[in-house]
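Descriptive structure summary
Below, each chain spelled out in residue letters.
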Amino acid sequence: MEVSDGEESSRKRPRVDTHYEERNSLREENDNLRCQMEAYKNEVEVIKVDLKRELEEKDKQFKMLQHTLQGMQQQLIDAKRKQSEEECKAKDLQTKIQQLSEAKTKTSSERDIVNLDDSEPEQSEASVCDAASDIVVVSVPPLNERDARLVGIISTFLNVHPFGAGLDYIWSYVSKLESNLKPSDIEVLMTRFPTVFKQELMGIGANIERRWLFNAFSSTN
């Protein structure tokens, strides 16, 4: 039985189509793989560039820190050297000051010895004269216990009244501590001790009054 040409061609066509489709599929898959490979290569290049840039930046920072550290170390060395120089200068200055002080003390001691040798007779005579001029003979009347107590009370009162006080004011204070006293008794007692109490006139015109002052601490010429 013979097969016609149409039937034979219809049998061969599916095989040819299948082979063509497989080849196209492989070509597309190959193209996809090539695209993915290119994408990976590009991504790797980007990563390399970023990594290189990051490494360069870190290298710059490291060099900058290293340079700064070297500068700080140099400053520290200079500061230590300067401190050592200042300490040496301070020690030298202290030594010179001590030497000058010792020399000054020695010179002053020698000068004092010379002055003492030269002026000892004059100073002795002057001291004797001064001592003689300072001696003042004061006749102090005898005091009984009551008068001594009154002198102490009046002195305490007038000591807190530097501008003095009148006789009546003094009597009003003393009579509170010592009874049976008259103003005249207090006046007579203060008159007996002119080196302790003194009387002065104060005021102007009709306002003049006599006030008693505490005079024990006043210098007498």
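Not measured: the values here are computed from a predicted model. (Residues numbered from 1 in each chain as written. Predicted model: local features only at pLDDT ≥ 70, side-chain atom pairs only at ≥ 80, totals over all residues. Heavy atoms only, no water.)

**A look at the overall build of the protein**
Secondary structure summary: the protein contains 4 helices and 2 strands in total. Ordering the α and β elements of the protein from the N terminus gives α-α-α-α-β-β. Across the 221 residues that make up the protein, the buried fraction comes to 12%. Residue pairs at least 24 apart in sequence account for 46% of intrachain contacts in the protein once pairs closer than 6 positions are excluded. (Helix = DSSP H or I, 4+ residues; strand = E, 2+ residues; numbered from the N terminus. Buried < 20%, exposed > 50% of the residue type's maximum accessible area, 1.4 Å probe, protein only. Contact = heavy atoms within 4.5 Å.)

**Some points on the confidence of the model for the protein**
Overall, the prediction assigns the protein a mean pLDDT of 77, with 72% of residues at 70 or greater. A low-confidence stretch, residues 131–138 (pLDDT under 50), is modelled with 0 contacts involving residues beyond four sequence positions or located in other chains. (pLDDT = per-residue confidence, 0-100.)

**Concerning the pairing of strand β1 (residues 197–202)**
Strand direction decides the pairing type here: β1 and strand β2 (residues 209–214), joined by 6 bridges, are antiparallel. Bridge pairing in β2 places Q199 opposite W212. Hairpin connection, β1 to β2: the antiparallel pair is bridged by 6 residues, and G203 has positive phi, about 105°. (Pairing = 2+ DSSP bridges.)

**Quick word on the packing of helix α2 (residues 145–159) against helix α3 (residues 167–177)**
It is the contact of α2 with α3, at a shortest axis distance of 10 Å, that shows an interaxial angle of 130°. Overall, the two elements α2 and α3 adopt an arrangement that is oblique. Regarding α2 and α3, the two cross each other, and that crossing is right-handed. For the pair α2 and α3, the contacting residues are R149, L150, I153, I154, F157 and L158 in the first and Y169, I170, Y173, V174 and L177 in the second. The class makeup of the residues in the contact of α2 with α3 is 10 nonpolar, no polar and 1 charged. (Axes fitted to C-alpha atoms, helices over the stretch in contact; angles between N-to-C directions. Parallel < 35°, antiparallel > 145°, perpendicular 65-115°, else oblique. Left-handed = near helix turned anticlockwise from the far one by under 90°. Nonpolar A, V, L, I, M, F, W, Y, C, P; charged D, E, K, R; others polar.)

**Details of α3**
Among all positions in α3, only L167, I170 and V174 are buried. Looking straight down α3, one finds that the buried residues subtend no more than 65° of arc, so they occupy a single side. Exposed side chains of α3 directed beyond 90 degrees from the buried face belong to D168 and K176. On its buried side, α3 packs onto α2, α4 (183–191) and β2. (Arc of directions from axis to C-beta.)

**Quick word on the packing of α3 against α4**
In contact at an axis separation of 9 Å, α3 and α4 are set at 105° when each is read in the N-to-C sense. The angle between α3 and α4 falls in the class roughly perpendicular. Each of L167, D168, I170, W171 and V174 in α3 lies in contact with α4, whose residues at this interface are P183, I186, E187 and M190. The residue inventory of the contact of α3 with α4, partitioned by class, reads 7 nonpolar, no polar and 2 charged.

**Some remarks on the packing of aromatic side chains**
All told, the structure shown has 3 aromatic pairs when counted by the stated rule. Measuring from ring centre to ring centre gives 4.7 Å for F157 and Y173, while their planes differ by 25°; the resulting arrangement is stacked. In this pair, F157 is assigned in helix α2 and Y173 in helix α3, connecting sequence segments 16 residues apart. You can call F157 buried: its relative accessible area is 5%. Looking at Y173, the relative accessible area reads 31%, which means it is partly exposed. One aromatic cluster is present, built from ring pairs that chain together F157, Y169 and Y173. (Phe/Tyr/Trp six-rings, centres within 6.5 Å; stacked < 30°, edge-to-face > 60°.)

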